[in-house]
Number of protein chains: 2
Amino acid sequence: MAEAQKTRAREWFEALRDRLCALFEAIERECEGPVACGLEPGRFERRAWERPGGGGGVMAILRGRVFEKVGVNVSTVFGRFPEPFAKQIPGAEEDPHFWASGISVVAHPRNPHVPPAHMNTRHIRTTRAWFGGGADLNPIFPNDEDTRDFHAALQNVCDAFDPGWYGRFKTWADEYFFIRHRNEPRGVGGIFYDYLEGDFERLFAFTRAVGEAFARVYPELVRRRMHQPWSEADRQVQLVRRGRYVEFNLIYDRGTRFGLETGGNPEAVLMSLPPLAAWP
Amino acid sequence: MAEAQKTRAREWFEALRDRLCALFEAIERECEGPVACGLEPGRFERRAWERPGGGGGVMAILRGRVFEKVGVNVSTVFGRFPEPFAKQIPGAEEDPHFWASGISVVAHPRNPHVPPAHMNTRHIRTTRAWFGGGADLNPIFPNDEDTRDFHAALQNVCDAFDPGWYGRFKTWADEYFFIRHRNEPRGVGGIFYDYLEGDFERLFAFTRAVGEAFARVYPELVRRRMHQPWSEADRQVQLVRRGRYVEFNLIYDRGTRFGLETGGNPEAVLMSLPPLAAWP
């Protein structure tokens with residue numbers, strides 16, 4: 001049964017990857033006018049990688065005209081956690097064997113008015129088994145409409161499973177996606193959750209619903225803003241905000257730390273970093 | 001006596017800062033021709049900051065034509081280390097009071113043929129007292145001549161104090177300035193040392209000599225390359241190498257961690273980050 005569950009989780013992450021890639025490529029084709037910067041529509045390139053200790057993944061990356069860089073990674077890795085990392089992972093304190101599969105999406109649009117976004121869901125098994133994930137929006141110029149619609153999409157998903165989840169997971173995101181050394185949030189939040197343990201079917205359905213909600217709402221936000229012109233000053237603000245994003249990911253992000261400390265492919269782990277960032 | 005030593009250390013770091021700023025401004029004035037990019041010679045701007053728990057510093061930053069960004073920070077901070085940080089600091093395990101003063105220099109030249117460089121020396125006092133520091137060269141396109149001259153300058157300093165130091169501190173730098181997750185060095189090395197404890201006069205003289213050697217050799221390397229033309233492809237390589245520099249500083253650098261975890265001014269601590277970096 002554990003094996004069947006692992007297979008279903010992995011296959012879902014791969015199916016969602018395929019769907020997101022198709023959605024982003026469709027947006028690339030739709031963009032037109034001066035905001036296309038004279039560039040051709042981007043296409044995803046995929047590169048498979050293997051993890052020395054077991055498993056591996058596929059990086060899918062698109063460098064285009066709407067998305068200056070968007071990465072969709074799926075990885076399924078297994079083996080033994082290195083000490084002392086095992087000590088920090090539930091159920092791995094005594095038996096360091098693990099299996100983990102997940103999808104990670106990070107979009108860095110070219111247009112400063114189109115909000116960057118991140119989504120990640122994962123299933124992890126040690127002597128215990130749980131789901132984790134999150135999604136957050138990182139607009140350069142926040143506006144109420146986008147923030148409201150992004151949160152509403154996530155709240156709808158949460159509410160269908162547990163009336164307490166959205167509040168809890170939103171607060172968790174506010175705490176998690178926070179740049180402590182600057183005392184500022186990394187964006188306008190979303191949801192974050194981890195160690196969701198229990199009824200596999202229910203939690204797996206929630207995981208799928210989070211992915212589906214992201215695949216519905218984010219393309220809508222991109223289309224809403226992608227034809228808006230921008231200035232060189234807007235671009236500068238964008239590059240500085242991207243620097244903050246780099247700071248968060250390298251200093252605080254759990255997935256990044258997990259990937260780098262478990263011997264994940266650094267190119268895949270760091271695919272979340274923006275194509276260009278400034279610390280002027 | 002401790003107070004007099006602290007004052008002398010702090011005054012040295014400030015004097016070295018003034019000298020380095022003057023040297024870099026002189027280089028800015030000398031640059032001419034197309035490599036000056038039509039820009040005016042840069043001048044340092046200074047900004048003082050205070051640390052809530054005690055002390056503070058002055059950030060000096062120049063954004064110019066030879067140096068796209070160069071920062072020279074002096075800070076003198078004191079108070080109590082937060083737990084659990086105190087546990088990691090010699091002599092602070094039982095009494096978390098500390099005093100620390102130091103200088104930090106990071107140069108990011110505009111011309112990809114001019115090597116970026118870093119130098120830092122510091123004096124720290126808890127219930128113990130020691131000096132630490134280091135200097136390393138981070139060329140985009142390493143060449144034997146620059147690497148040899150940079151190392152020779154540091155070796156001369158070390159050899160004048162202890163015949164074993166250069167070998168030991170060079171190895172320490174090779175180990176320290178290493179990007180583990182990519183299994184690659186951040187540059188061509190230099191020296192790194194910490195917890196140099198004992199004869200204050202001798203160690204303070206060594207600290208001054210390291211600063212003086214850097215102030216002699218680095219301007220020489222900059223002048224050697226600053227009129228060499230570069231291509232857009234060279235610039236791209238530079239931006240990617242700068243991304244690696246960001247990865248090192250945010251993930252591994254002790255000074256950065258120390259600064260962020262002891263409530264240093266994040267703008268000052270992160271002044272080491274390059275003006276523009278790419279993860280294409």
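For the structure itself, look to the data block above.
The sections below set out a description of the structure shown in this document.

## Quick look at the packing of helix α2 (residues 144–159) of chain A against helix α4 (residues 200–225) of chain A
Residue and element names in this part refer to chain A. Relative to each other, α2 and α4 sit at 165°, their axes nearing to 9 Å. In this view, α2 runs roughly antiparallel relative to α4, as classed from their interaxial angle. For the pair α2 and α4, the crossing hand works out as right-handed. For the pair α2 and α4, the contacting residues are Glu145, Asp146, Asp149, Phe150, Ala153, Val157 and Cys158 in the first and Phe206, Ala209, Val210, Ala213, Phe214, Val217, Glu220, Leu221, Arg224 and Arg225 in the second. Residue classes in the contact of α2 with α4 are distributed as 11 nonpolar, no polar and six charged.

## Observations regarding the relation of the copies chain B and chain A
Laying chain B over chain A is done by rotating through 180° and shifting 0.0 Å along the axis; what remains is an RMSD of 0.0 Å. The superposition operator between the copies reduces to a two-fold rotation axis. A symmetric contact is evident, with 100% of the interface residues of chain B recurring at the interface of chain A.

## Things to note about unusual backbone geometry
Positive phi values are uncommon outside glycine, yet Tyr195 of chain A reaches one of about 60°. Along the chain, Tyr195 of chain A falls in strand β9 (residues 190–196). Of the residues examined, Tyr195 of chain A reaches a relative accessible area of 36% and is grouped as partly exposed. Of note in this structure, Cys37 of chain B is not a glycine but carries a positive phi near 55°. According to the relative accessible area criterion, Cys37 of chain B is partly exposed, its value standing at 38%.

## Points about the sheet that holds strand β9 (residues 190–196) of chain B
Residue and element names in this part refer to chain B. Sheet architecture is open: seven strands sit in the order β1-β2-β3-β4-β5-β6-β9, paired in antiparallel fashion. For this open sheet the edge positions go to β1 (44–50) and β9, each flanked by a neighbour on one side alone. Direction aside, the axes of adjacent strands within the sheet are offset by 5° on average. Alignment of strand β3 (residues 67–80) against strand β4 (residues 97–109), held across 13 bridges, turns out to be antiparallel. Paired with Thr76 across the two strands is Ser101, which belongs to β4.

## Examining the sheet that holds strand β4 (residues 97–109) of chain A
Residues and elements named next belong to chain A. Pairing is antiparallel across the open sheet formed by seven strands, whose spatial order is β1-β2-β3-β4-β5-β6-β9. Every interior strand has two partners, whereas the edge strands, β1 (44–50) and β9, have only one. Averaged over all adjacent pairs, the angle separating strand axes in this sheet is 5°, with direction ignored. Pairing of β1 with strand β2 (residues 55–62), which is carried by seven bridges, proceeds in the antiparallel orientation. Bridging across to β2, Phe44 finds its partner in Leu62. On top of the sheet, helix α5 (residues 232–251) reaches β3 (67–80), β4 and β5 (117–125); it is set at about 165° to β4, its chief contact.

## A word on the interface of chain B and chain A
If you look at the interface, chain B gives 23 residues, while chain A gives 23 residues. Buried area between chain B and chain A, summed over both chains or domains, comes out near 2,000 Å², and the portion from carbon and sulfur atoms is 63%. Sorting the residues of chain B by area buried against chain A places His181, Leu250 and Trp279 of chain B first, and these three jointly supply 27% of that buried surface. The interface formed by chain B and chain A holds two salt bridges in total. Here Arg182 of chain A makes a salt bridge to Glu267 of chain B, at a shortest N to O gap of 3.1 Å. Inspection of the region where chain B meets chain A yields nine residue pairs in polar contact (both at pLDDT 80 or more). Those elements giving two or more residues to the side of chain B that touches chain A turn out to be α5 (232–251), α6 (254–261), α7 (266–269) and β10 (276–278) of chain B. Here the side of chain B that touches chain A takes six residues from α5 of chain B, the largest share from any one element. Taken together, the residues of the side of chain B that touches chain A sort by class into 15 nonpolar, one polar and seven charged. Note that strand β10 (residues 276–278) of chain A and β10 of chain B share three bridges and pair antiparallel. Residue Ala277 of chain A lies in a different strand from β10 of chain B, and its bridge partner there is Ala277 of chain B.

About the thresholds
Residues numbered from 1 in each chain as written. Chains lettered and ligands numbered in written order. Predicted model: local features only at pLDDT ≥ 70, side-chain atom pairs only at ≥ 80, totals over all residues. Heavy atoms only, no water. Axes fitted to C-alpha atoms, helices over the stretch in contact; angles between N-to-C directions. Helix = DSSP H or I, 4+ residues; strand = E, 2+ residues; numbered from the N terminus. Parallel < 35°, antiparallel > 145°, perpendicular 65-115°, else oblique. Left-handed = near helix turned anticlockwise from the far one by under 90°. Contact = heavy atoms within 4.5 Å. Nonpolar A, V, L, I, M, F, W, Y, C, P; charged D, E, K, R; others polar. Least-squares fit on C-alpha atoms with pLDDT ≥ 70 in both. Buried < 20%, exposed > 50% of the residue type's maximum accessible area, 1.4 Å probe, protein only. Pairing = 2+ DSSP bridges. Buried area = accessible area lost by both parts, 1.4 Å probe. Salt bridge = Lys/Arg side-chain N within 4 Å of Asp/Glu carboxyl O. Polar contact = N/O pair within 3.5 Å; in protein donor to acceptor, adjacent residues only side chain to side chain.

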